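Residues per chain, in single letters:
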Amino acid sequence: ETGVTQSPTHLIKTRGQQVTLRCSSQSGHNTVSWYQQALGQGPQFIFQYYREEENGRGNFPPRFSGLQFPNYSSELNVNALELDDSALYLCASSYRDRDGYTFGSGTRLTVV
Amino acid sequence: SQQGEEDPQALSIQEGENATMNCSYKTSINNLQWYRQNSGRGLVHLILIRSNEREKHSGRLRVTLDTSKKSSSLLITASRAADTASYFCATDERGDKLIFGTGTRLQVFP
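Residues numbered from 1 in each chain as written. Chains lettered and ligands numbered in written order. Predicted model: local features only at pLDDT ≥ 70, side-chain atom pairs only at ≥ 80, totals over all residues. Heavy atoms only, no water.

1. Considering the overall build of chain B
To be explicit about the condition: Each helix corresponds to a stretch of at least 4 residues labelled H or I by DSSP, and each strand to a stretch of at least 2 residues labelled E; elements are numbered beginning at the N terminus. All radius of gyration figures rest on C-alpha atoms, and the globule criterion is 2.2 Å times the number of residues raised to 0.38. Relative accessibility decides the category of a residue: with a 1.4 Å probe and only protein chains considered, values under 20% of the type maximum give buried, values over 50% give exposed, and everything between is partly exposed. Throughout, a residue-residue contact means that at least one pair of heavy atoms, one from each residue, lies within 4.5 Å. Throughout, the Shrake-Rupley method with a 1.4 Å probe supplies accessible areas, and for residues the shown protein chains are the sole cover considered. The charge count includes Lys and Arg as positive and Asp and Glu as negative, but it does not include His or the ends of the chains. In plain terms, the charge of a residue is placed at NZ if it is Lys, CZ if Arg, CG if Asp and CD if Glu.
Of regular secondary structure, chain B possesses 0 helices and 11 strands. When the helices and strands of chain B are read in sequence order from the N terminus, they spell out β-β-β-β-β-β-β-β-β-β-β. Taken against the 2.2 N^0.38 rule, which gives 13 Å for 110 residues, the C-alpha radius of gyration of chain B at 13 Å falls within 12% of a compact globule. Projecting the C-alpha coordinates of chain B onto the three principal axes gives extents of approximately 40 × 25 × 20 Å. Here chain B, with 110 residues, has 47% of them falling under the buried criterion. Put simply, of all contacts in chain B between residues at least 6 apart along the chain, 54% involve residues at least 24 apart. Summing over all exposed atoms, chain B offers an accessible surface of approximately 5,100 Å²; the carbon and sulfur share of this is 44%. Charge separation in chain B, taken as the distance between the mean sites of 14 positive and 12 negative side-chain charges, equals 3 Å.

Take a look at the structure:
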C-alpha cells in the first residue's frame, strides 16, 4: 500500500537521550515531511525538506533537526528527549507540487 | 496548532449506511486533502480537492469544498466494516506543509 518505509517501528528511550528516526521515501519523490502525532490528536507538522534543503518548519524547538539525502531518504533527530516527545512520528513524501502525500507507517517513540 | 476541526468527533453506523464527516478550517488554502488512519498507524491519502473545485468523487467517496464557508465534507456511501478508521482533513496553504484537523473516529458495525 505504501512506498514509504520508516524504521524502527517502535522505540523506547530515556529522558535526556538522543534519537534518530529514519525514512526511505517513495522512489522519485523529492519532498519529504515529518509529522508528530500525539495520542488522540491529528499530526503536527515538524519540517519539510525539498532537494536536501529545509523548506518549512513548524512550531518545534531546535532540538528537532533533520536531514534529507541525495537518494531522498531522510532522518529526524531529536536531542535531549522529553517525556512529551512520546508520540507517533510520521514521514511523508511527495513529488513537488503534485497531488497528495504518501505516508509511512510511523515510528512509535516512548520516552520514559 | 490545528487548522481544521472535524465534526463529529466520533460516528457509529451500520454497514450499508452512509457516513458524513465535516471539516472546518481557518485560512485560505491551495487544496484540502482527506486521509484515513487505521489503529494509529500511517495515514492513507484518500482524495485531494483544489480551492477552485467544489466537488470531487473517488469510488464510494464524495468530497465537497465551500471556500466561502471554509468547510469541507467527506461522504462515504454504502459503508463497510473495513471503513472503520479515523479520518482527517488536512489543508495545504502553500505546498510546504499540511495542517491537520482533529479527526473523526468512524465505527462501522457489521
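Read on, since the account is not over.
2. Section: the interface of chain A and chain B
Accessible area lost upon the coming together of the parts is a frequently used measure of interface size. The line we're drawing: As used here, buried area is the combined drop in accessible area, with a 1.4 Å probe, of two parts when they are placed together. Salt-bridge detection follows one rule: a side-chain nitrogen of Lys or Arg within 4 Å of a carboxyl oxygen of Asp or Glu. Pairing of N or O atoms within 3.5 Å defines a polar contact, subject to two protein rules: one partner must be a possible hydrogen donor and the other a possible acceptor, and residues neighboring in sequence count only if both atoms are side-chain atoms.
At the junction of the two partners, chain A supplies 23 residues and chain B supplies 23 residues. Between chain A and chain B, a total of about 1,800 Å² is buried, with carbon and sulfur atoms accounting for 46% of that surface. When residues of chain A are sorted by the area they lose upon contact with chain B, Pro43(A), Tyr101(A) and Phe103(A) head the list and together hold 27% of the total. Taken together, chain A and chain B are joined by 0 salt bridges. The interface formed by chain A and chain B holds 5 residue pairs in polar contact (both at pLDDT 80 or more) in total.

3. A look at the packing of aromatic side chains
The following threshold applies: Aromatic pairs are defined between Phe, Tyr and Trp rings, using the six-membered ring for Trp, whenever the two ring centres lie within 6.5 Å; interplanar angles under 30 degrees are classed as stacked, those over 60 as edge-to-face, and all others as tilted.
Per the counting criterion, the structure on display carries 9 aromatic pairs over all chains. A centroid spacing of 5.4 Å and a plane angle of 80 degrees characterise the contact between Phe103(A) and Tyr35(B), whose relative ring orientation is edge-to-face. Here the residue Phe103(A) occupies a position in strand β10 (residues 102-103), and Tyr35(B) occupies one in strand β4 (residues 31-37), the pair thus bridging two chains. Under the relative-accessibility criterion, Phe103(A) is labelled buried at 2%. What links up through ring pairs into an aromatic cluster is the set Tyr35(A), Phe45(A), Phe103(A), Tyr35(B), Phe88(B) and Phe100(B).

4. Quick word on the state of the cysteines
Quick note on the threshold: Only a pair of cysteine sulfur atoms within 2.5 Å qualifies as a disulfide here.
Following the criterion strictly, the structure yields 2 disulfides over all chains and no others. Between the sulfur atoms of Cys23(A) and its disulfide mate Cys91(A) the distance is 1.8 Å. Every disulfide takes its handedness from the sign of the S-S torsion; for Cys23(A) and Cys91(A) that torsion is -60 degrees, giving left-handed. Here Cys23(A), found in strand β3 (residues 19-24), pairs with Cys91(A), found in strand β9 (residues 87-94); they are 68 residues apart in sequence, far enough to count as distant. The class of Cys23(A) is buried, set by a relative accessible area of 3%. Each sulfur in the disulfide pair Cys23(B) and Cys89(B) lies 2.0 Å from the other. Its torsion about the S-S bond being 65 degrees, the disulfide of Cys23(B) and Cys89(B) is classed as right-handed. One end of the pair, Cys23(B), is in strand β3 (residues 19-24); the other, Cys89(B), is in strand β9 (residues 85-92), with 66 residues separating them in the sequence. Comparing Cys23(B) with Cys89(B) shows no difference in burial state: the two are buried.

5. Things to note about the sheet that holds β3(A)
Residues and elements named next belong to chain A. Under the convention used in this document: Pairing between two strands is assigned when DSSP locates at least 2 bridges connecting them. Angles here are taken between N-to-C directions and fall from 0 to 180 degrees, while the axes themselves are lines fitted to C-alpha atoms, restricted in helices to the stretch in contact.
Pairing is antiparallel in the open sheet, where 4 strands are placed in the order β1-β3-β8-β7. Where the open sheet ends on each side, the last strands, each with one partner, are β1 (5-7) and β7 (64-68). Strand-to-strand twist in this sheet, taken as the mean axis angle between neighbours without regard to direction, amounts to 15 degrees. With 5 bridges joining them, β7 and strand β8 (residues 74-78) adopt antiparallel strand pairing. The residue of β8 that forms the bridge with Gln 68 is Ser 74.

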